[in-house]
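Next come the chains, spelled out residue by residue.
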Amino acid sequence: SCFMCCQASSTIDYCFKFINNHKNNKSVVNIPPVNTQSTLTGYYQNCRGLRTKLSTLKSNVASNNFVFIILTETWLNPDIYDPELGFDNYIIYRCDRNNLTSSCSRGGGVLIAIHIDFPSERIPISCNNIEHLFISFSINNESFIVGGVYFPPSSPDISYANYTSTVEDLVNSFVNANFILCGDFNLPNIYWSNDSQGLVYSKISRPGPYVQCVPETFAFLNFFQVNNV
């Protein structure tokens, strides 16, 4: 259950256009603010191991010049340095799997890359037992916060609760920012859709986890789902 959602401020409208590749679990988003002439372009993918897909990814990045890139299940570790990834002209932020986020040493991980043309910084958060990142940057005098998260299958409910609490705190702290959050929540029992007010959801009757705090929080904060893979 990969998910991309956006919370737009009351003074800005967005037009969303998506190109989804279900097989590779990736999406491209073009978000043109109506009060500017440029387009905010981003790329999200659950890559299930970044090192084996670097050549393809670097080709996509070079040809599209994305503002931000969000990758989950990077499978990186501290022995792999940022320059080895070949993300030229990008500032890289990583949350590799560690003993605080999982008892499994392999797998997981989140990476966010922001183009060097847009000043960016990592937002410090106190919750360090989840594989997630939040990065702020500005484009055309508009403030954005992008986030990436990965939840392994059968993650405990408390992990989801801690994540949604972090999102609420950030939304309340950065009231003028526009949020774009991407991730793999591994919650196949939630059906996501939108109405005119934001996210709506329902439970699907099949085996598997259903963690209500995730859709409840996004709906309460008036997020819209803008990707469905």
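See the structure above.
Reading guide: rules and limits
- Residues numbered from 1 in each chain as written.
- Predicted model: local features only at pLDDT ≥ 70, side-chain atom pairs only at ≥ 80, totals over all residues.
- Heavy atoms only, no water.
- Helix = DSSP H or I, 4+ residues; strand = E, 2+ residues; numbered from the N terminus.
- Buried < 20%, exposed > 50% of the residue type's maximum accessible area, 1.4 Å probe, protein only.
- Contact = heavy atoms within 4.5 Å.
- Areas by Shrake-Rupley, 256 points an atom, 1.4 Å probe, with all protein chains shown as cover.
- Arc of directions from axis to C-beta.
- Core = buried A, V, L, I, M, F, W, Y, C linked by side-chain atoms within 4.5 Å.
- Pairing = 2+ DSSP bridges.
- Right-handed = clockwise from strand over helix to strand, strands pointing away.
- Salt bridge = Lys/Arg side-chain N within 4 Å of Asp/Glu carboxyl O.
- Axes fitted to C-alpha atoms, helices over the stretch in contact; angles between N-to-C directions.
- Parallel < 35°, antiparallel > 145°, perpendicular 65-115°, else oblique.

Caption draft 1: Region of the structure containing the overall build of the protein chain. Per the secondary structure count, the protein chain includes 4 helices and 14 strands. The buried share of the protein chain, reckoned over its 229 residues, is 51%. In the protein chain, 59% of the contacts between residues at least 6 apart in sequence involve partners at least 24 apart. When the accessible surface of the protein chain is totalled, it reaches about 11000 Å², and 48% of it is carbon and sulfur.

Caption draft 2: Structural detail: helix 4 (residues 213-220). Taken as a whole, helix 4 has its buried residues at Val-214, Pro-215, Thr-217 and Phe-218. Angularly, the buried residues of helix 4 cover 160° about the axis, an arc narrow enough to put them on a single face.

Caption draft 3: Molecular detail of the nonpolar core. Ranked by size, the top nonpolar core spans 25 residues in total, and within it Tyr-163, Phe-185 and Phe-218 carry the most contacts. Those elements giving two or more residues to this core turn out to be strand 10 (142-150), helix 3 (157-173), strand 11 (178-184), strand 12 (190-195) and helix 4. In this structure, Ile-114, Leu-133, Ile-180 and Cys-182 belong to the second largest nonpolar core, which totals 20 residues.

Caption draft 4: Region of the structure containing the pairing of strand 11. Among the 7 residues that make up strand 11, 7 are buried, leaving the element largely enclosed by the rest of the structure. Side chains Asn-178, Ile-180, Cys-182 and Asp-184 of strand 11 all project onto a buried face; the interleaved residues Phe-179, Leu-181 and Gly-183 project onto the opposite face, where all are buried too. In this sheet, strand 11 lies alongside strand 10 in parallel orientation, the contact comprising 7 bridges. Bridging from a neighbouring strand, Gly-147 pairs with Leu-181 of strand 11. On the question of chirality, the crossover connecting strand 10 to the parallel strand 11 by way of helix 3 is right-handed.

Caption draft 5: Quick look at the pattern of salt bridges. Under the criterion given, the structure shown has 3 salt bridges. The closest approach of N and O atoms between Arg-94 and Asp-96, which form a salt bridge, is 2.6 Å. Taking the relative accessible area as the measure of exposure, Asp-96 reaches 14% and is therefore buried. The partner of Arg-97 in a salt bridge is Glu-131, with the nearest N and O atoms 2.7 Å apart. You can see Arg-97 sitting in the loop between strand 6 (90-95) and strand 7 (110-115) and its partner Glu-131 sitting in strand 9 (residues 131-139), a full 34 residues away along the chain.

Caption draft 6: Highlighting the packing of helix 3 against helix 4. At a minimum axis distance of 9 Å, the contact between helix 3 and helix 4 shows a crossing angle of 10°. Between helix 3 and helix 4, the interaxial angle falls into the category roughly parallel. Contacts from Tyr-160, Ala-161, Tyr-163, Thr-164, Val-167 and Glu-168 of helix 3 reach helix 4 at Cys-213, Val-214, Thr-217, Phe-218 and Phe-220.

From the geometry alone we can't say anything about function, so treat these as descriptive.
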